[in-house]
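Given next are the chains, with one letter for each unit.
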Amino acid sequence: MGIFEPYRAIGYITSGVPFSVQRLGTETFVTVSVGKSFQVYNCAKLTLVLVGPQLPKKIRALASYREYTFAAFGNEIAVVRRAHQVATWSGHNAKVNSLLLFGEHILSVDVEGNMFIWAFKGIEQHSAPVGHIMLDDKFSPSCLVHPDTYLNKVLLGSQEGSLQLWNVSTKKKLYEFKGWNSSISSCVSSPALDVVAVGCADGKIHLLNIRYDEELVTFTHSTRGSVTALSFSTDGQPLLASGGSSGVISIWNLEKRRLQSVIREAHDSAIISLHFFANEPVLMSSSADNSIKMWIFDTSDGDPRLLRFRSGHSAPPLCMRFYANGRHILSAGQDRAFRLFSVIQDQQSRELSQRHVSKRAKKLRVKEEEIKLKPVIAFDCAEIRERDWCNVVTCHMDTAQAYVWRLQNFVLGEHILNPCPENSTPVKACAISACGNFAVLGTAGGWIERFNLQSGISRGSYVDISERRSCAHDGEVVGVACDSTNTLMISAGYRGDIKVWDFKGRELKSRWEIGCSVVKIVFHRLNGLLATVADDLIIRLFDVVALRMVRKFEGHTDRITDLCFSEDGKWLLSSSMDGSLRIWDVILARQIDALHVDVSITALSLSPNMDVLATTHVDQNGVYLWVNQAMFSGASNVDSYASGKEVVSVKLPSVSSMESSQVEDTDKAVVNHVESKDASFQTQDQQIPDLVTLSLLPKSQWQSLINLDIIKVRNKPIEPPKKPEKAPFFLPSVPSLSGEILFKPSTTANEEKDAKVDEVENKSKESDVPPSQFLQHLQSSMKVEDFSAFTDYIKGLSPSTLDMELRMLQIIDDDEDQQEADERPELFSIELLLDYFIHEISCRNNFEFIQAVIRLFLKIHGETIRRQSRLQDKARKLLDIQCTVWQGVDKMFQSARCMITFLSNSQF
């Protein structure tokens, strides 16, 4: 177990697998695959309702029936009931390509032409297929569909271009359609009987009457590429939707036999699935660009409009940062999108608007991607001025301007920051001051300029007179940073020169050389440390006030991709293309933990609370979250679970976050778990000196002990309980003090009389009564000299039960002489309780609860203690310890009260 453990992945919406739609009651749900797991969305608002378990391999096909989801991965099929896998079907010797829900059966087809029939009634008992069909040798199945009203029959399309109709009951091929000399990529049944639509790789759609093997009509896509998805409308409009590999959705009018409308920029990648909702003018589409969209046909001209959508990055993110106290993550990707992900609620994630991109693209007749800003290479944000003006500034690839964003409205700002218009070079670095008023930009030409974020006006540039030309650095500016008081501004040049400037006067105060090219800098405002990454793979920490290097970390073997300080400045996290994530302790000047992942980390960010780490990886479109074990484990020493100089191999977090991802032996994992438990108990015993520890019980529970008499009077019934006329049958029970019900068999009237006589006779003979559970816990705790179990027991009792247990120890008959009274067992129990109180008060545990119990105890047994000399000594000892402990606490309270009174000029 390391410091950071895999938690889950966010930002994944769908992958390149067709979705599965089903209707349950009045609601419609869609199941989509996300790599090795699947997600279920409610189509009403596209809210995430369920995440499936992590499977060993990527999902290749999906099918769903009520609460069951069938996912094909590799050569196997997983059967999942809601979020729990209940069975695995193994029968295929090749990769499964298609799944089809067929009544009470599932049909699965693999790439080698094997079709298996599985029954999902009684899944737990039967895991073998109920049927197997071997297709022809020269028939490579590509799609599978069941024509409506064709009992026990399925239609299969092939990559060779032919179609075959099979009866799965008799396992015979009924007919073969020659096709159109083009590979069949999609096939769907129409609302009209005997008619299916077939999409081919050459971009043509054929409507075929399979009863007469007659082609009704042919449509041709205007764009290149195959027809990847088809769907018929069922709400009365004669429409057919088709999707192509170019991301275009075409709507065809079947009555007029012509193209009705085209959604050109529907998706950025190939359309994977299309589905018209039953009896609704709503079309759902999914694509390999990590998005699901819903289109509604409600306009006067019949063109669809976007109703709602859910999307993530369609290309890997380049940089990111936590925002809003760790609740959100700002992320910028190669897909030219700037996104805000919610760590808590998935439906709050969104893309920041770049102001009417779709309208401008339509007007100029260009793609939306060409209108969007170029990919973000660096950005900075400040939460302090979020409600006043723009609080995010971004630098874009090969762009000479920097753009500002207003996160309150999730929109691009009105100002464009253009440093050094006379000699425009791309902006490479940016930083926002701690006050949120200024943005500092550094360019590839060595120019550094300061801007006011509210007005977007330049507020001066930083120029080093000693440079050959009037600029800040001779070469590209790698990074800029501002301190917490707007006193210093730090900048780094690519040639290895670090410069410290007067923020307000814009004058150079000091500089030093690293000796090699600088790649990246990160500045921590609270401790004033500057971390630099050079091309020699060494991380150096500089004190910008003392102007000297204070730490030097070595260990990475490949290019360092990102750096991040923890909020308290004690840890420095670094990632590299060698696949490692290393955690360095700044104070101890050593590596405390290291992880290795299969896919290299490109960017990382640690939340302000230090509880969650977010990472992005090469060729991965999502954001991966890791939890900090130091925040959730009881171990006070990081070394107890950190790996030190060793590098631990860890799997990436999964979407489902239901299984452990660490590559370790099970024995080691159990040992670590036990160690962390022991450590948690040790930390509970360590108390702050001179302070008391409270019990954390509800206030009403221990206050009720004090006011129990008042509560009894108030709750006293006005009338005696009445016996119901027709009482229901129930087992006779005997109530006990612990609250448990003891059942006893019913006895006859004669047996009851005999039992009463025996009880009266035996009562006089009885001398020893077995101790109650209360006394048993007390005596066993005294033997082991550990009262924690007894304390937990009485904390779980109700106030009235605890009152009853204490009253059971009361001495009622006072007529006996002193010598006999000294031998009473009640006195021994009272003495044990006094010892218990002395121990708990001296340990200062459960302070307020013990005070309430002592008050009730003295109220009941105070007179007994006064009469017995040996109990008086115990009572005096209890009083002394009570006074000592309380006086120490009260003294500290008094100093705090005096200070508050003095500062507030008020009296308590």
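Hey, could you go over the sheet that holds strand S29 (residues 305-311) for me, with residue numbers and the actual values?
Taken in spatial order, the 4 strands make up an open sheet running S26-S27-S28-S29, and their pairing is antiparallel. Across the chains shown, the open sheet's two edge strands, defined by having one partner strand only, are strand S26 (271-276) and S29. Neighbour to neighbour, the strand axes of the sheet diverge by 15° on average, direction disregarded.

Kindly report on the confidence of the model for the protein, identifying the contributing residues and their values.
When pLDDT is averaged along the protein, the result is 83, and 88% of the positions lie at 70 or above. Segment residues 660-685 is flagged for pLDDT under 50; beyond a separation of four residues in sequence, or across chains, it makes 23 contacts in the model. Per-residue pLDDT stays below 50 along residues 744-753; that stretch engages in 4 contacts with residues further than four places along the chain or on separate chains.

An account of a nonpolar patch on the surface is needed here, citing residue identities and associated values.
A cluster of nonpolar residues, Met 899, Phe 902 and Leu 903, forms a patch on the protein surface that exposes about 400 Å² of accessible area. Given a relative accessible area of 65%, Leu 903 falls into the exposed group.

Explain the state of the cysteines to me, using residue names and the numbers behind them.
Here the structure, examined in full by the defined rule, presents 0 disulfides. Looking at the unpaired Cys 187, the closest cysteine sulfur is the one in Cys 143, lying at 4.9 Å. According to the relative accessible area criterion, Cys 187 is buried, its value standing at 14%.

An account of the side chain of Gln 39 is needed here, citing residue identities and associated values.
On the secondary structure map, Gln 39 appears in strand S4 (residues 37-42). Reaching out from Gln 39, the side chain makes a polar contact with the backbone oxygen of Tyr 12 at a distance of 3.3 Å. Here the side chain of Gln 39 touches Tyr 41 through a polar contact of 2.8 Å, side chain to side chain.

Describe the nonpolar core, listing the residues and the values that go with them.
Ranked by size, the top nonpolar core spans 36 residues in total, and within it Phe 774, Ile 794, Leu 833, Phe 837 and Phe 849 carry the most contacts. If one sorts the elements of this core by residue count, helix H13 (residues 847-867) sits on top with 10 residues. Discounting residues that sit within four places of it in the chain, Phe 837 has contacts with Ile 850, Val 853, Ile 854, Phe 857 and Leu 878.

Lay out the pairing of strand S50 (residues 560-565) in plain terms, naming residues and giving numbers.
Extensive coverage of S50 is indicated by the burial of 6 of its 6 residues. Sheet topology note: the S50/strand S51 (residues 571-576) ladder contains 5 bridges and is antiparallel. Across the sheet, the residue bridging to Leu 563 is Ser 574, located in S51. From the end of S50 to the start of S51, which pair antiparallel, there are 5 residues, and Gly 569 there has a positive phi angle of about 80°.

About the cut-offs
Residues numbered from 1 in each chain as written. Predicted model: local features only at pLDDT ≥ 70, side-chain atom pairs only at ≥ 80, totals over all residues. Heavy atoms only, no water. Pairing = 2+ DSSP bridges. Helix = DSSP H or I, 4+ residues; strand = E, 2+ residues; numbered from the N terminus. Axes fitted to C-alpha atoms, helices over the stretch in contact; angles between N-to-C directions. pLDDT = per-residue confidence, 0-100. Contact = heavy atoms within 4.5 Å. Patch = residues over 30% accessible without salt bridge, like charges linked within 9 Å, V, L, I, M, F, W, Y side chains within 5 Å. Areas by Shrake-Rupley, 256 points an atom, 1.4 Å probe, with all protein chains shown as cover. Salt bridge = Lys/Arg side-chain N within 4 Å of Asp/Glu carboxyl O. Buried < 20%, exposed > 50% of the residue type's maximum accessible area, 1.4 Å probe, protein only. Disulfide = S-S within 2.5 Å. Polar contact = N/O pair within 3.5 Å; in protein donor to acceptor, adjacent residues only side chain to side chain. Core = buried A, V, L, I, M, F, W, Y, C linked by side-chain atoms within 4.5 Å.

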